Amino acid sequence: MSVMTAEKKKIHPYKFTLWVAMGSMLMMFAGFTSAYIVKRNQANWQGFDLPSIFAYSTVVILLSSATMQLAVKNIRNRNMQAYRQLLLVTAILGIAFLAMQWAGFVQLNDRGIKLIGQGSNVSGSFLAVIAGMHMLHVAGGIVALVWMLRNALFSKTRNYSAVPAEVAAQYWHFVDLLWIYLFVFLQFVS
């Protein structure tokens, strides 16, 4: 009986690796936001308000988190059709999030907040690094979703293991929560 109890408490190696990676990402973004606070006190800091499209993108990424969780539920129930559809919807919402973020950067640029290059301000550059790194992590999640969808559509063997979906969902929820933190941070600190 104690052997079974010990086996149940083991964490899957993929999940453990993900938790280590998320810890390092969390530390990286904590460093970015800490540096942002310190640099904000410089004389040449240019304050700005985030365009409203960033709020809309927050809603989109939250919806994607819900669809991802539903995908996990459906693979656990072996409802592959719904699982595939929900993976696709999650990936589309992720792409929409990235497009909205890009549109927000274009709006900032049009307002005179140069993000990179000649004429850029340190505040815009910090935003570009912070949000750009987050967008890169979301893009990585989209690649994983597309890969999982490809496997679900074209694999000749039936695999009902929920572990890949659970790992992807944990990552997806993490980048969603990370964006909420960054959005709130940028709203109040910018």
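Keep in mind it's a predicted model, so treat the numbers as computed, not measured.

Enquirer: Would you mind going over the overall build of the protein chain with me for this structure?
Expert: When helices and strands are tallied, the protein chain shows six helices and zero strands. Expressed as lengths along the three principal axes of its C-alpha atoms, the size of the protein chain is roughly 65 × 35 × 25 Å. The buried share of the protein chain, reckoned over its 190 residues, is 43%. Considering only intrachain contacts with a sequence separation of at least 6, the fraction spanning at least 24 residues in the protein chain is 85%. Per element, the accessible surface of the protein chain, about 10,700 Å² overall, is 66% carbon and sulfur.

Enquirer: What is the right way to read the nonpolar core from this model?
Expert: Grouped burial of nonpolar side chains is what soluble globular proteins tend to show. Counting residues in hydrophobic clusters, the biggest one holds 58 residues, and the most contacted among them are Tyr 36, Met 68, Tyr 83, Leu 87, Phe 105, Leu 127 and Val 138. Only α2 (13–39), α3 (53–76), α4 (80–110), α5 (122–154) and α6 (163–189) provide two or more residues apiece to this core. The leading source of residues in this core is α6, at 16 residues. Leave out the neighbours within four places in its chain, and Leu 87 touches Met 68, Ala 71, Leu 145, Met 148 and Leu 149.

Enquirer: What should I look at first to understand the packing of α4 against α6 in this one?
Expert: Two numbers describe a pair of packed helices, the interaxial angle and the distance between the axes. It is the contact of α4 with α6, at a shortest axis distance of 13 Å, that shows an interaxial angle of 25 degrees. With respect to each other, α4 and α6 are oriented roughly parallel. Where α4 crosses over α6, the handedness of that crossing is left-handed. Note on element contacts: α6 touches α4 through Ala 165, Trp 172 and Trp 179, opposite Tyr 83, Thr 90, Gly 94, Phe 97 and Gln 101. Grouping the constituent residues of the contact of α4 with α6 by class yields five nonpolar, three polar and no charged.

Enquirer: Help me out: how do you make sense of the packing of α2 against α6 in this one?
Expert: The geometry of α2 relative to α6 is characterised by a closest axis approach of 11 Å and an angle of 10 degrees between their N-to-C directions. Here α2 is positioned roughly parallel relative to α6, judged by the angle of their axes. Residue-level contacts link Tyr 14, Lys 15, Leu 18, Trp 19, Met 22, Met 25, Leu 26, Phe 29, Thr 33, Tyr 36 and Ile 37 of α2 to Val 163, Glu 166, Val 167, Gln 170, Tyr 171, Phe 174, Leu 178, Tyr 181, Leu 182, Phe 185, Leu 186 and Val 189 of α6. Across the contact of α2 with α6, the residue classes tally to 19 nonpolar, two polar and two charged.

Enquirer: So what exactly am I meant to see when it comes to the environment of Phe 105 here?
Expert: Locating Phe 105 in the fold gives a position in helix α4. Looking at Phe 105, the relative accessible area reads 9%, which means it is buried. Sequence-wise, Phe 105 and Ala 128 are 23 residues apart; in three dimensions their C-alpha atoms are separated by 8.2 Å. Excluding residues that lie within four positions of it along the chain, Phe 105 makes contacts with Phe 54, Leu 115, Leu 127, Ala 131, Gly 132 and Met 135.

Enquirer: It is not clear to me how the environment of Leu 182 should be interpreted in this structure. Could you clarify?
Expert: With respect to the element layout, Leu 182 can be found in helix α6. Leu 182 sits 70 residues away from Gly 112 along the chain, and the two C-alpha atoms are 22 Å apart. Once you skip the residues sitting within four places of it in the chain, Leu 182 turns out to touch Phe 29, Thr 33, Ile 130 and His 134.

Enquirer: Please explain the pattern of salt bridges as it appears in this structure.
Expert: Proximity of charged atoms lets side chains of opposite charge pair with each other. A full pass over the atoms with the stated rule returns one salt bridge. In this structure, Arg 76 and Glu 166 form a salt bridge, with 2.9 Å as the shortest nitrogen-oxygen distance. One end of the pair, Arg 76, is in helix α3; the other, Glu 166, is in helix α6, with 90 residues separating them in the sequence.

Enquirer: Please clarify how the packing of aromatic side chains should be interpreted in this entry.
Expert: The relative placement of two aromatic rings is captured by the distance of their centres and the angle of their planes. Taken as a whole and judged by the stated rule, the model has eight aromatic pairs. Ring centres of Phe 54 and Phe 105 lie 5.8 Å apart, and the angle between their planes is 70 degrees; this geometry places the pair in the edge-to-face category. With Phe 54 in helix α3 and Phe 105 in helix α4, the pair connects residues that are 51 residues apart, well separated along the chain. Classification of Phe 54 by relative accessible area gives buried; the value is 1%. For the pair Phe 97 and Trp 179, a centre-to-centre distance of 5.7 Å together with 75 degrees between the ring planes defines the contact as edge-to-face. With Phe 97 in helix α4 and Trp 179 in helix α6, the pair connects residues that are 82 residues apart, well separated along the chain. Of the residues examined, Trp 179 reaches a relative accessible area of 1% and is grouped as buried. Among the aromatic residues, those joined into a cluster by ring pairs are Phe 54, Phe 97, Phe 105, Trp 179 and Phe 183.

Procedures and definitions
Residues numbered from 1 in each chain as written. Predicted model: local features only at pLDDT ≥ 70, side-chain atom pairs only at ≥ 80, totals over all residues. Heavy atoms only, no water. Helix = DSSP H or I, 4+ residues; strand = E, 2+ residues; numbered from the N terminus. Buried < 20%, exposed > 50% of the residue type's maximum accessible area, 1.4 Å probe, protein only. Contact = heavy atoms within 4.5 Å. Areas by Shrake-Rupley, 256 points an atom, 1.4 Å probe, with all protein chains shown as cover. Core = buried A, V, L, I, M, F, W, Y, C linked by side-chain atoms within 4.5 Å. Axes fitted to C-alpha atoms, helices over the stretch in contact; angles between N-to-C directions. Parallel < 35°, antiparallel > 145°, perpendicular 65-115°, else oblique. Left-handed = near helix turned anticlockwise from the far one by under 90°. Nonpolar A, V, L, I, M, F, W, Y, C, P; charged D, E, K, R; others polar. Salt bridge = Lys/Arg side-chain N within 4 Å of Asp/Glu carboxyl O. Phe/Tyr/Trp six-rings, centres within 6.5 Å; stacked < 30°, edge-to-face > 60°.

It is worth stressing that arrangement in space is one thing and function is another; only the former is reported here.
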